[in-house]
Amino acid sequence: MRILVTNYRLAGTTVGMAKKSVLDLDASGKRVLVRCDFNVPLEGSRITDDRRITEALPTIERLRSQGAVVILASHLGRPKGVDPALSLAPVAARLSELLGVTVPLLVDSVGESTKATVLAAKPGDVLLLENVRFHPEEEANDPAFAKKLAELADVYVNDAFGTAHRAHASTEGVAHILPGYAGLLILKEIEHLGQAVGNPKRPFVAIMGGSKVKDKIALIDNLLPKVDSLLIGGGMTYTFLKAQGLEIGKSILDSSSLDYARKLLQEYPDKIHLATDVVASDAFSADANTKVVPVTEIPADQEGLDIGPETAARFADIIENAGTVLWNGPVGVFELKPFQAGTLSVAKAMAVATGKGAITIVGGGDSAAAVEIFGYADQMTHVSTGGGASLEFLEGKVLPGIAALQDA
Ligand code: AMP
């Protein structure tokens, strides 16, 4: 099957490259190096969310059932050299439970003993290399390190969507040596995110939040021409309000983006929806004093930390009547209880939209965490496993980890 490494440009044209995937691969009798994104959240050695592991299972199971030796590689966190706290041992244990076979952790990852273990492995065996970032050559995309990884296998599969925006040795370099295929998770991510921006069922509604406008400029530029409505929440709100001449008190302001915000409001007055009320607070804390105020009355000594109930209801109405909903960034400081309601309301409205037949897509990172916490993840069409990667994909950028795979 072909997948489109989609790069949807401003003008709306699709510049795509078809890539080979595991659906084109007969892996029987082959040693397959599979780059996964097992960068899971840990408390000590306890995995607090194993979604990135469970999402990798379809590719692993497929290769096993074909009789491949499956060699898994991943990073975890940002180690500076070898760091036992960032060992993939908890992932090996969880994988063993989920697959029902022992998945050994090969601690010297590209050393001689790993090579020997790989050569002795039998069809259907699954092995996990220790954290590839224990080697600084990984992030440097060192060709010699990529070659060592490549020597372990006959073919390469990239299923690490969350790391596909990074050109590292195990995500990109190795694909220049071994024939590279996309895994089923990457296939799924590209299909959902690509369809949302490339061929959306209308009305197409995007919700954008997060703290700063400047981090989202490329995303806004790529999406605004395509969407029917853009709902803006979160810390970004206040730069837009300020651009309209309103007083925003101590709310977060991205002054370098004021002109940009002004320009957008002039160009797209009907598409952009801003908050009309906010939750104003005297402190950035869970026990602050808060009050709902219209955006025209934010007190000088307070900051807005969530959209207000009137805005939440208006946003929910737009979301519930959409054909496609794409969400990137919380609309309030959802990590603190007094400022959760807006983000919760977006999640709920998206679940309603899904029930009415809409395609609902949650970008990775904070919004994905929010739908997990609020218990709505399984009511979305798709929750991306990639934060930075989904953002870059939606910005229309080419992801190097996918670009390096074989053309179909
Ligand atoms: P980002 O990484 O830019 O997507 O921003 C996500 C962060 O924005 C989350 O940690 C939220 O707590 C934060 N955030 C959301 N709304 C606001 C707000 N009104 N003021 C300050 N930070 C906010």
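Please read these numbers as outputs of a predicted model, since none were measured by experiment. (Residues numbered from 1 in each chain as written. Predicted model: local features only at pLDDT ≥ 70, side-chain atom pairs only at ≥ 80, totals over all residues. Heavy atoms only, no water.)

Once that is clear, we can look at helix α3 (residues 89–99). Structural remark: α-helix, 3.6 residues per turn; residues separated by three or four positions point the same way. Listed as buried for α3 are Pro90, Val91, Ala92, Leu95 and Leu99. Count one or two residues on from α3 and you reach Gly100, which has phi positive near 75°. (Buried < 20%, exposed > 50% of the residue type's maximum accessible area, 1.4 Å probe, protein only. Helix = DSSP H or I, 4+ residues; strand = E, 2+ residues; numbered from the N terminus.)

Attention shifts here to the sheet that holds strand β20 (residues 359–362). Read from one edge to the other, the open sheet built from six strands follows the order β15-β14-β13-β19-β20-β21, with strand pairing classed as parallel. A strand with exactly one partner marks an edge of an open sheet, and here the two such strands are β15 (272–273) and β21 (382–383). As defined by bridge partners, β20 adjoins β21 across two bridges and the pair is classed as parallel. Looking at the pairing, Ile361 lines up with His382 of β21. Sheet contacts for helix α11 (residues 309–320): β13 (204–208), β14 (229–232), β15 and β19 (324–328); angle to β14, the most-contacted strand, approximately 150°. (Pairing = 2+ DSSP bridges. Contact = heavy atoms within 4.5 Å. Axes fitted to C-alpha atoms, helices over the stretch in contact; angles between N-to-C directions.)

An order of β9-β10-β8-β5-β11-β12 is seen for the six strands of this open sheet, with the pairing classed as parallel. Two strands close off the open sheet at either side, each with one partner strand: β9 (105–106) and β12 (180–182). Sheet contacts for helix α2 (residues 57–65): β5 (31–35), β8 (69–73), β10 (126–129) and β11 (155–158); angle to β8, the most-contacted strand, approximately 155°.

Counting 62 residues, the largest nonpolar core has Leu33, Ile71, Leu129, Ile220, Leu223, Leu230 and Phe240 as the members making the most contacts within it. Counting the residues that make up this core, at least three belong to each of domain 1 (2–189 + 397–403) and domain 2 (202–357). Excluding residues within four positions of it along the chain, Ile220 makes contact with Met208, Pro225, Leu230, Met236, Tyr260 and Leu264. Counting 39 residues, the second largest nonpolar core, distinct from the first, contains Ile207, Ala351, Ala370 and Ala377. (Core = buried A, V, L, I, M, F, W, Y, C linked by side-chain atoms within 4.5 Å. Domains from an automatic or database assignment.)

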